[in-house]
Amino acid sequence: MRVAVCQLNSREDRAHNLAVARSLLERAAAGGAELAVLPEYVDFLGRSADAPKPEAVDGEFAAFFAAAARELGIWVHAGSFHETGPDDGRTFNTTLVFRPDGSLAASYRKIHLYDVEIAGRVSYQESRTVAPGDQTVVTEINGVPTGLSICYDLRFPELYRQLAVAGAKILVVPAAFMLHTGRDHWEVLLRARAIENQCYVLAAGQIGDHEPGRTCFGRSMIIDPWGTVLAQAPDTEGIAIADLDLDRLATLRQELPSLANRRL
């Protein structure tokens, strides 16, 4: 199964962001990818006051990526977007996955919200404007059980263990990972999630400066169940492609059966 992770520098111009996303999906399809993954908040990453009006899962955002999946004939993991939330003050941070015929295969609402205070460096309270999801999601993508997550979820290994126990062989992480933490933690955490759950990990990140005063780490990558980085995007907009060997995954799980040996 050939997969691609797409790396963007989404800002306040939603039309431009979507056009870039579509061009990267086209590159992925031209490269033979059966699945392409986009990053968190692919359509807009800017000031909250300028954010697009939240939409339902069948709104304009969904229609755009459903059309892309159908026209390109590939599975599209549309990163995440601002879904209409439970009240006027909050949205959901939501992933949508589309089949090659354009139909919606799955959706996932981010469970863990980025509420962080680092003195003199970062003050970010995602929970002020976003409501948490409460459901884990494993869906079949091209016949392969795939666990869904978003960005800050990466720091909570219990989520990924639940996904693996539920049958996931691929774990997907769309993200807008901050530069100051990403340079030390991004790859380490991704490789750990792959190794401990014996899954492929597909991580698509935002890259570069965004408003307001936010810089994302990028380094989108594809990691195998042994923790080996199979492909990594350079520090610019673009894609990385790799082939997933599911027979190798089965062999690793048989030879080192850590999932089967778990006791807690």
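One structure accompanies this document, and this report is about it. (Residues numbered from 1 in each chain as written. Predicted model: local features only at pLDDT ≥ 70, side-chain atom pairs only at ≥ 80, totals over all residues. Heavy atoms only, no water.)

1. Overview of the environment of D115
Item 1. For D115, the location among the structural elements is in strand β7 (residues 115–118).
Item 2. Take D115: its relative accessible area is 33%, and that puts it in the partly exposed class.
Item 3. Other than its neighbours up to four places away in sequence, D115 contacts Y124, Q125, E126 and S127.
Item 4. There is a polar contact of 2.9 Å between the side chain of D115 and the backbone nitrogen of E126.
Item 5. In terms of polar contacts, D115 uses its side chain to reach the side chain of S127, at 2.6 Å. (Helix = DSSP H or I, 4+ residues; strand = E, 2+ residues; numbered from the N terminus. Buried < 20%, exposed > 50% of the residue type's maximum accessible area, 1.4 Å probe, protein only. Contact = heavy atoms within 4.5 Å. Polar contact = N/O pair within 3.5 Å; in protein donor to acceptor, adjacent residues only side chain to side chain.)

2. Looking at the pattern of salt bridges
Item 1. What the rule picks out here adds up to 14 salt bridges.
Item 2. R22 is the partner of E26 in a salt bridge, and the nearest nitrogen-oxygen pair spans 3.0 Å. Of the two residues, E26 and R22 are both situated in helix α1 (residues 14–30); the distance of four residues between them amounts to about one turn of the helix.
Item 3. Note that R90 is salt-bridged to D87, the shortest N-O span being 2.8 Å. (Salt bridge = Lys/Arg side-chain N within 4 Å of Asp/Glu carboxyl O.)

3. Re the pairing of strand β11 (residues 144–148)
Item 1. Burial within β11 is extensive, with five of its five residues counted as buried.
Item 2. Across the two faces of β11 the burial is the same, with V144, T146 and L148 and P145 and G147 all buried.
Item 3. Strand direction decides the pairing type here: strand β10 (residues 138–141) and β11, joined by four bridges, are antiparallel. If you follow E140 over to β11, its bridge partner there is P145.
Item 4. Tracing the backbone out of β11, into helix α3 (residues 157–165) and back to the parallel element strand β12 (residues 170–175) gives a crossover that is right-handed. (Pairing = 2+ DSSP bridges. Right-handed = clockwise from strand over helix to strand, strands pointing away.)

Bear in mind that shape data such as this cannot, by itself, settle questions of function.
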